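Here are the chains, one letter per residue:
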Amino acid sequence: LNFEYGEYDDKLFDNEAKKDVYAKWDPTSPRSGKNFNPFETYKGNSCDASGVFPGEPRYKDPIRGDVSFAIMMEEKAEAEEREANPKAGSEPGCAGCKN
């Protein structure tokens with residue numbers, strides 16, 4: 001069994017990187033290090049740059065970008081837009097989701 005690290009492994013995994021990974025994510029294909037929803041949470045945690053959650057084997061603390069209130073408000077608006085308009089096939093339990 002080979003493990004495939006994500007495109008942003010050991011690189012800055014900020015909101016722009018997450019949006020890039022999300023744009024490439026195919027929820028109908030099996031979840032992998034290159035195919036996952038970087039905005040999905042599992043047991044209250046966010047995944048690393050390879051889609052691995054804290055407590056799972058191979059989890060690596062991602063290199064995170066700067067944070068400010070203004071950036072957080074912008075990201076919140078983007079998250080609300082994503083939630084209101086999910087990708088087709090991304091229902092809970094789909095092949096590309098953890099949940």
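From a predicted model like this one, the values you see are computed outputs, not experimental measurements.

What counts as what
- Residues numbered from 1 in each chain as written.
- Predicted model: local features only at pLDDT ≥ 70, side-chain atom pairs only at ≥ 80, totals over all residues.
- Heavy atoms only, no water.
- Core = buried A, V, L, I, M, F, W, Y, C linked by side-chain atoms within 4.5 Å.
- Buried < 20%, exposed > 50% of the residue type's maximum accessible area, 1.4 Å probe, protein only.
- Contact = heavy atoms within 4.5 Å.
- Helix = DSSP H or I, 4+ residues; strand = E, 2+ residues; numbered from the N terminus.
- Polar contact = N/O pair within 3.5 Å; in protein donor to acceptor, adjacent residues only side chain to side chain.
- Disulfide = S-S within 2.5 Å.

**Quick word on the nonpolar core**
Then, in step 1: By size, the foremost hydrophobic cluster in this structure holds eight residues: Tyr8, Phe13, Ala17, Val21, Phe36, Cys47, Ala49 and Phe53.
Then, in step 2: Residues within four places of Ala49 in sequence aside, it is in contact with Gly6, Glu7, Tyr8, Asp9, Phe13, Gly33, Phe36 and Pro62.

**Describing the side chain of Ser50**
Then, in step 1: For Ser50, the location among the structural elements is in the loop between β2 (45-46) and α2 (69-84).
Then, in step 2: For Ser50, a relative accessible area of 3% corresponds to the buried category.
Then, in step 3: One polar contact links the side chain of Ser50 to the main-chain amide nitrogen of Gly6, over a distance of 2.7 Å.
Then, in step 4: Contacts of Ser50, omitting those with residues within four sequence positions, involve Phe3, Tyr5, Gly6, Asp9, Ser32, Gly33 and Phe36.

**Comments concerning the state of the cysteines**
Then, in step 1: What the rule picks out here adds up to zero disulfides.
Then, in step 2: A disulfide-free cysteine, Cys94 has its sulfur positioned 3.1 Å from the sulfur of Cys97, the nearest such atom.

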